[in-house]
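# Observations on chain architecture
This is what each chain is made of:
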Number of protein chains: 2
Amino acid sequence: MGEAPTGADAVAPPTGADAVVLPIAVDAMGGDHAPKAIVAGARQAAEELGIPVVLVGRPGELGDTGGLEVVPASEVIAMDDDPGQGVRRKKDSSLVRAAEAVRDGKAAAMVSAGNTGATMASALLRMGRIRGIARPAIATPIPRPGTTPTVLLDAGANAECSPQMLVQFAQMGAAYVTARYATPTPTVGLLSIGEERSKGTPLVKETHALLVEMDGIDFVGNVEGRDLLPGTVDVVVTDGFTGNVVLKALEGALRYLMGAVVEVFDTDDATRQAAEVLVPHLAPLAAAFDPDNTGGAVLLGVDGVCVISHGSSTPRAIVSAVQVAHQAATGGLVQRLKLAVAGR
Amino acid sequence: MGEAPTGADAVAPPTGADAVVLPIAVDAMGGDHAPKAIVAGARQAAEELGIPVVLVGRPGELGDTGGLEVVPASEVIAMDDDPGQGVRRKKDSSLVRAAEAVRDGKAAAMVSAGNTGATMASALLRMGRIRGIARPAIATPIPRPGTTPTVLLDAGANAECSPQMLVQFAQMGAAYVTARYATPTPTVGLLSIGEERSKGTPLVKETHALLVEMDGIDFVGNVEGRDLLPGTVDVVVTDGFTGNVVLKALEGALRYLMGAVVEVFDTDDATRQAAEVLVPHLAPLAAAFDPDNTGGAVLLGVDGVCVISHGSSTPRAIVSAVQVAHQAATGGLVQRLKLAVAGR
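In this report, we go over the structure that sits alongside the text. (Residues numbered from 1 in each chain as written. Chains lettered and ligands numbered in written order. Predicted model: local features only at pLDDT ≥ 70, side-chain atom pairs only at ≥ 80, totals over all residues. Heavy atoms only, no water.)

## Focus on the overall build of chain A
- Across its full length, chain A holds 11 helices and 11 strands.
- What you see for chain A is a C-alpha radius of gyration of 20 Å, in line with the 20 Å of a compact globule of 344 residues.
- Seen through its principal axes, chain A has C-alpha atoms that stretch 65 × 60 × 40 Å.
- Taken over 344 residues, chain A has a buried fraction of 56%.
- For chain A, the proportion of contacts with a sequence separation of at least 24, taken over those separated by at least 6, is 69%. (Helix = DSSP H or I, 4+ residues; strand = E, 2+ residues; numbered from the N terminus. Rg over C-alpha atoms; globule rule 2.2 N^0.38 Å. Buried < 20%, exposed > 50% of the residue type's maximum accessible area, 1.4 Å probe, protein only. Contact = heavy atoms within 4.5 Å.)

Structure, rendered in structure tokens:
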């Protein structure tokens, strides 16, 4: 894969009152509940948060867009399409057009709840990689009630990684946490099976040795599975295989446990009455772990902002994703990533 | 490492009313609360379950053993000792002596809540490997309320694995589930990042191809992180790095969530009253996921039964572990493993 054009390397993102605020390009056709839930979420984001949004998709299928601008795209990459083929063959798809809008400076960021692999491929092929980044990674927030989330990467973009890739993930993850949560010096942990640097696979041991020597990030050493929820560091670095498995395991367990508790609450009249007292107190906890509120994952390393919302996104999930995209763009995420991997 | 003596390969374990019932050798010195909690658990197992137990450790430090026989051992391998060095240097340690009791036919199984690495090393060096097994693996149950647990292996014995090792883990895991839960043909899944056989690392893809071709196990294909809790298969096979990370992540998340819910219950008088109604209904769920009830992990592939209880084991955890050890021994676990890897 060739180097992407990176002529804008030294140009800081526009800021200040006079700057043009670019819209967020939302893939209206991607997701289990598209286009209805996506359009509803995009409208809500524009109306409630005042964030400019453009929809990308088939104009005739979007229903009432509430006056949102539509970037027409005649094709749709399905959830089960092969990502590479989909992007190569469906050049007029909503995903490809959304990525092009970012590349062409017509949108500040793209958001999709569609085929994750195709979202990554669209962003990578159309926006290009940031110069010096070996491979983009997916950064996913794990909620920490009461404080900023722990961001884990890679959540699944790269099943196999080299130590050099993991070092860049550490740099990108720290830059992302700073851009998104304004944490000045995020703590970074390397996921392993023991705190000692002698523990883990050769990949982990070599990465550990490199991170210890590295300036510019606050590497606290190895962390373990139990340090993910609740998180003990701001950034957790791991390969995309381990990251994907562990995130899906936590998601599945949370969904199961919440369902089991709700079922217990509904046992009989006495439990239903007791639950009425408790539910308002439990609501903040449930809200903290509701995937619709976390705002989705961000693809780090491409030369533009790309937010990946989960496939079953509701309108609320899209609102959160648009907000994350907007924050990342206005917070100068891409510029921060460029500086981080350049060691500045 | 040389082949272990396996002269007993063809000898089935003793059964029937006239058979001598060998005791379970419990390492009285291993665990955060040793020896007090361990001795208490061993006594309880003997008294309540009628399972014969011998304690292994320093006789003068065990307090009232309630008449349990003590196998004397003058040394202790500490929780933070280097496993290999500990086993080589402390030949009169409780862990080594417990493993020798199994090797010498004086105990049916060993149980320890001590240093996990040293427990594995003691079992491996003293009992030897089962002929044909490349590497032993740790099999850990993940509770499934209402049915038998999902057994995951490897939970951390081997950070790096080959496809051939994972295939043996599948065979051993299925044999273990049959021995412990009487499931005639356990379903086996391979942990990956997508259901398609094209997904995952080269290790996973090669293992998938081997498992598809294999007779004697019910391989259902790849499973994902979300298939662990609640489990969708009887056996989940993975490398020891991924297995350890994901199990610790689930343990940590469960502990955190239960703590958070208990805290909400204790908000004020109204919530405490409501909680009183609900707690009895929630108790079975909490009990199902209480690590003290799951009975610990089993080291599969050594030529004897070795149960690893968690470091912070309470007396109840030791009772569970002794029960698991007893079931494994009387269920002919080692013989089943021998037959499974021999393809019979």
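## Digging into the interface of chain A and chain B
- Tallying the contact residues gives 47 residues for chain A and 47 residues for chain B.
- Of the roughly 4000 Å² buried between chain A and chain B on both sides combined, carbon and sulfur atoms contribute 80%.
- Among the residues chain A hides against chain B, the three largest losses belong to Ile 193, Phe 241 and Tyr 256 of chain A. Together they make up 16% of the total.
- On the surface where chain A and chain B come into contact, there are two salt bridges.
- Here Lys 248 of chain B and Glu 224 of chain A are joined by a salt bridge, their closest N and O atoms 2.2 Å apart.
- Scanning the region where chain A abuts chain B turns up five residue pairs in polar contact (both at pLDDT 80 or more).
- For the side of chain A that touches chain B, the elements supplying multiple residues, two or more each, are helix H6 (202–212), helix H7 (240–265) and helix H8 (269–288) of chain A.
- Looking at the side of chain A that touches chain B element by element, the count peaks at 18 residues for H7 of chain A.
- Across the side of chain A that touches chain B, the residue classes tally to 30 nonpolar, 11 polar and six charged. (Buried area = accessible area lost by both parts, 1.4 Å probe. Salt bridge = Lys/Arg side-chain N within 4 Å of Asp/Glu carboxyl O. Polar contact = N/O pair within 3.5 Å; in protein donor to acceptor, adjacent residues only side chain to side chain. Nonpolar A, V, L, I, M, F, W, Y, C, P; charged D, E, K, R; others polar.)

## Looking at H8 of chain A
- For H8 of chain A, built from 20 residues, the straight-helix expectation of 28 Å at 1.5 Å per residue is met to within 8% by its first-to-last C-alpha distance of 28 Å.
- Inspection of H8 of chain A places Thr 271, Ala 274, Ala 275, Leu 278, Leu 282 and Leu 285 of chain A among the buried residues, and these make up the whole buried set.
- Those residues of H8 of chain A that are buried are in contact with H7 of chain A together with helix H7 (240–265) and helix H8 (269–288) of chain B.
- Two or three places before Ala 270 of chain A, at the opening of H8 of chain A, Asp 268 of chain A has a side-chain oxygen 3.1 Å from that residue's backbone nitrogen. (Expected span 1.5 Å × (residues − 1).)

## Side note on the sheet that holds strand S4 (residues 109–112) of chain A
Residues and elements named next belong to chain A.
- Reading across the sheet, the 11 strands line up as S3-S2-S1-S4-S11-S10-S5-S6-S9-S7-S8 and stay open at both edges, with mixed pairing between neighbours. In this open sheet, the two strands that pair with only one neighbour each are strand S3 (69–72) and strand S8 (218–223). In this sheet, neighbouring strand axes are inclined to one another by 25° on average, regardless of whether the strands run parallel or antiparallel.
- As paired strands, strand S6 (residues 147–153) and strand S9 (residues 235–237) are joined by three bridges and run parallel to one another. Directly across from Leu 152, in S9, lies its bridge partner Val 236.
- Across the face of the sheet, H7 comes into contact with strand S5 (137–144), S6 and strand S7 (187–191) while running at roughly 135° to S6.
- On the sheet, helix H10 (residues 315–330) packs against strand S1 (24–27), strand S2 (53–57), S4, strand S10 (297–300) and strand S11 (305–308) and is oriented at approximately 160° with respect to S11. (Pairing = 2+ DSSP bridges. Axes fitted to C-alpha atoms, helices over the stretch in contact; angles between N-to-C directions.)

## Focus: the packing of H7 of chain B against H8 of chain B
All names here are of chain B.
- In the contact formed by H7 and H8, the axes pass within 9 Å of each other and the chain directions differ by 155°. Here H7 is positioned roughly antiparallel relative to H8, judged by the angle of their axes. Residues Met 258, Val 264 and Phe 265 of H7 touch H8, and the partners they reach there are Thr 271, Arg 272, Ala 275, Val 279, Leu 282 and Ala 286.
- Grouping the amino acids of the contact of H7 with H8 by side-chain chemistry returns seven nonpolar, one polar and one charged. (Parallel < 35°, antiparallel > 145°, perpendicular 65-115°, else oblique.)

## Quick look at the pattern of salt bridges
- Inspection of every chain in the model, using the stated rule, returns 34 salt bridges over all chains.
- Salt-bridge contacts for Lys 90 of chain B lead to Asp 81 of chain B; the nearest nitrogen and oxygen are separated by 2.8 Å.
- For Lys 90 of chain B, a relative accessible area of 23% translates into the label partly exposed.
- Residues participating in the shared-partner salt-bridge network are Asp 92, Arg 97, Glu 100 and Arg 126 of chain A.

## Concerning the relation of the copies chain A and chain B
- Between the two copies, chain A and chain B, the superposition gives an RMSD of 0.0 Å; the rotation angle is 180° and the shift along the axis is 0.0 Å. Look at the turn and shift together and you get a two-fold axis relating the two. When C-alpha distances to the rotation axis are compared across chain A, the minimum falls at Ala 274 of chain A, with a value of 2.2 Å.
- Looking at chain A, 100% of its interface residues are interface residues in chain B too, so the copies touch through the same face. (Least-squares fit on C-alpha atoms with pLDDT ≥ 70 in both.)

## Here's the deal with the packing of aromatic side chains
- According to the stated counting rule, one finds two aromatic pairs over all chains in the structure shown.
- Arranged with centres 6.2 Å apart and planes meeting at 70°, the rings of Tyr 256 of chain A and Phe 289 of chain B form a pair that is edge-to-face. Pair noted here: Tyr 256 of chain A is in helix H7 and Phe 289 of chain B is in the loop between H8 and helix H9 (291–294), and the two residues belong to different chains.
- Residue Phe 289 of chain B is classed as buried on the basis of its relative accessible area of 7%. (Phe/Tyr/Trp six-rings, centres within 6.5 Å; stacked < 30°, edge-to-face > 60°.)

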